[in-house]
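Read off the chains here:
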Amino acid sequence: MSFGSFVVLTGTERVTIVAHSGAVPSPVVVIDRASGEISLSDVAPSDSELSGTPAVGLRGIVGIVRLLSGPYIIGITACDLVGTVCGQEIFKITATKLIKCGRSEDEKSRDEAIYVRMLQQILNVKSFYFTYSGTVLTLTAQQRETLTSQGKHMEPAWKTADERFFWNKHLLSFFIQHNLDSWIIPIMMGYIECVDCAVDGKSFQFVLISRRNHKRAGTRWNMRGIDEEGSVANNVETEQCIVYNNSIVASYVQTRGSIPLFWTQKPTLAYKPPPTLSRPLDAAMPACIKHFEEQMRLHGDQVCINLVDQKGKELILAQNYNAAVTKMANPKIKYVAFDFHKHGSKNLHLLMEQIKTEIDSFGYFLAPLSHGTVEQVQSGAFRTNCVDNLDRTNVVQSMIGFAVLQKQLTRLGIIPGVSLPTNSSFIPIFKNVWANNANALSTQYSGTCALKNDITRTGKRTLMGMKDDGMNSLTRYYLNNFSDGYTQDAYNLFLGLHQPRKGQESPFDTSSTFLIRMLLFILVAVVCLWVVPNNYSLTHRFLLTIVALLFVYFVAKKNRGKLVNVPRLPLNAKAKSL
């Protein structure tokens, strides 16, 4: 059980973190403001030291990060209870605070301010979750049962957490090194929703948990494909649970992730830059094999559902992914290609027919909450992808989830037949939860809500859905070209992949600022030419507009390398400890 209350006291010479540990004795953490040195002390601050000292109350500690001026404490100042899952309360972080501990003049530098804003941007995504006890946050129900059978369930939760979803582990290095188990709260980025439901008078809890892997985390066009270790971009594990009578849980797991090849899709101001292979297929095979070895260790047999177009720009990905699975020649890995755009949402039943055998044979996890006899285990998982692993992927995952859900409800005796009535009040709840999940995961990776979410919510395309998709597509274009480089740097900084150091050359280039402002000024002038009353004739306005737009087009084309917002921070090989 982790502590849920701390106070940070900022004095002239030192910053002190005190845990409200009740009857449990706990040391205090002391940070020297001059040297930045962090240490433990058994002596609490005296009344004289506390007199007039600013104090900040925290609900938890995300960790300690070092910037140019020294350490900063990242603290949780507010959180909301999402729900109680399998007896464990889950909270969503709603507010955080960065507390300066150093006194260096670097804290007022331009680079320091940028680093602080980057950290705040990641923390303000409002997609981080934590629990003060238990491992429901990072482990599936099936994994938790395995942990119990191995006698490890009594260990501190952070020690048994799945490191892929332990986003702040490197920020907690000091606390880990000094065995401050009760200070350590793993946080996870993703999405969690819990809904109390009823069908035919039988109540149950419906839970959806999406866990985002922090390895190769980042933004849409800056993070694609696989790395040497077999980690892929936008890798998310989604677990769907039914908790019935507070006594039994039925759990089903699916995954999504970027096509496991070395490929890129760098922003170039084009609306949709073509994906390109950065290494040939043979060079990608060792990493691809590592990826599937991990997936099979975690989830059993694999069915790879590839939803990319089987023609045009996406064809190179489809062909090489198919070739990679063929080369592996592993009977436990099945490849299914389904061109989502060609077949359309009305023909998704064709895909479901192709994978029906595996939906039946993989099963799902079913066991009592009291850790009694396990009735059933899940023996395999569907790994679904499109290019972004967002919009098309979520539609298909929700359909697979619904097919399995009906099996779970039948097995638990909640519904008498093999399927829910079409007028069941639970169906819109299910669809909305999956659509909310789509929006959250899409916002984290692309910056906007998901496309095609009308299919998930209603089962068909709608005029309003297409309008929303158009607006979201335009917003994605802007963010992906002019903002996501900065956001990618923010992810890398938060995850410890870049370590700011005194004396290093500033990594932030502002040479393109004048050019961007000039082009924006011209575009605003063109708008004003038509909106603000003036003495120009219609012909003159047309000519001026054409000349201005041609000028903007050619300047932008020639200087696209300066205009596109790309990541600037040099990366370390691995996250650095404090």
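Placed above this text is the structure.
It should be emphasised that the depicted structure is a prediction, and the values quoted were computed from it without experimental measurement.

**Some points on the nonpolar core**
Here is step 1: Judged by nonpolar contacts, the single largest core of 43 residues is most densely connected at Phe204, Phe206 and Ile355.
Here is step 2: Secondary structure elements with two or more residues in this core: strand S10 (188–199), strand S11 (202–212), strand S12 (236–244), strand S13 (248–256), strand S16 (301–306), helix H9 (348–362), helix H10 (391–411) and helix H11 (426–446).
Here is step 3: In this structure isoleucine 355 touches Val303, Ile305, Val336, Phe382 and Ile400, once residues within four positions along its chain are discounted.
Here is step 4: With 34 residues, the next largest nonpolar core counts Leu67, Leu68, Tyr72 and Phe494 among its residues.

**Brief notes about H10**
Here is step 1: The first and last C-alpha atoms of H10 sit 31 Å apart over 21 residues, in line with the 30 Å expected at 1.5 Å per residue.
Here is step 2: With 15 of 21 residues buried, H10 lies mostly within the body of the structure.
Here is step 3: Directly after H10, the chain includes glycine 413, whose backbone phi takes a positive value near 80°.

**With respect to the sheet that holds strand S1 (residues 6–10)**
Here is step 1: Read from one edge of the open sheet, five strands run S4-S3-S2-S1-S5, paired in antiparallel fashion. Each edge of the open sheet carries a strand with a single partner, namely strand S4 (38–41) and strand S5 (55–58). Sheet twist, expressed as the average angle between the axes of neighbouring strands with direction ignored, equals 20°.
Here is step 2: By the bridge criterion, four bridges tie strand S2 (residues 14–19) to strand S3 (residues 28–32) in an arrangement that is antiparallel. Of the residues in S3, the one forming a bridge with threonine 16 is valine 30.

**Side note on unusual backbone geometry**
Here is step 1: Positive phi outside glycine occurs at arginine 216, with the angle close to 60°.
Here is step 2: Relative to the elements of secondary structure, arginine 216 occurs in the loop between S11 and S12.
Here is step 3: For asparagine 246, which is not glycine, the phi dihedral falls at a positive 50°.
Here is step 4: Its location among the elements puts asparagine 246 in the loop between S12 and S13.

**Thoughts on the pattern of salt bridges**
Here is step 1: Applying the stated criterion across every chain yields a total of 24 salt bridges.
Here is step 2: For the salt bridge of lysine 334 with glutamate 358, the shortest nitrogen-to-oxygen distance reads 3.2 Å. Of this pair, lysine 334 sits in strand S17 (residues 333–337) while glutamate 358 sits in helix H9, placing them 24 residues apart in sequence.
Here is step 3: Across the pair aspartate 360 and lysine 407 runs a salt bridge whose closest N-O atoms are separated by 2.7 Å.

**With respect to the packing of helix H6 (residues 281–299) against helix H7 (residues 315–328)**
Here is step 1: Remark: H6 packs on H7, axes separated minimally by 10 Å, with the N-to-C direction vectors making an angle of 70°. In this view, H6 runs roughly perpendicular relative to H7, as classed from their interaxial angle. Crossing handedness for the pair H6 and H7: right-handed. On H7, the residues touching Leu281, Asp282, Met285, Cys288, Ile289 and Phe292 of H6 are Asn320, Tyr321, Ala323, Ala324, Lys327 and Met328.
Here is step 2: In the contact of H6 with H7, the residues fall into nine nonpolar, one polar and two charged.

What counts, and where the lines are drawn
- Residues numbered from 1 in each chain as written.
- Predicted model: local features only at pLDDT ≥ 70, side-chain atom pairs only at ≥ 80, totals over all residues.
- Heavy atoms only, no water.
- Core = buried A, V, L, I, M, F, W, Y, C linked by side-chain atoms within 4.5 Å.
- Buried < 20%, exposed > 50% of the residue type's maximum accessible area, 1.4 Å probe, protein only.
- Helix = DSSP H or I, 4+ residues; strand = E, 2+ residues; numbered from the N terminus.
- Contact = heavy atoms within 4.5 Å.
- Expected span 1.5 Å × (residues − 1).
- Pairing = 2+ DSSP bridges.
- Axes fitted to C-alpha atoms, helices over the stretch in contact; angles between N-to-C directions.
- Salt bridge = Lys/Arg side-chain N within 4 Å of Asp/Glu carboxyl O.
- Parallel < 35°, antiparallel > 145°, perpendicular 65-115°, else oblique.
- Left-handed = near helix turned anticlockwise from the far one by under 90°.
- Nonpolar A, V, L, I, M, F, W, Y, C, P; charged D, E, K, R; others polar.

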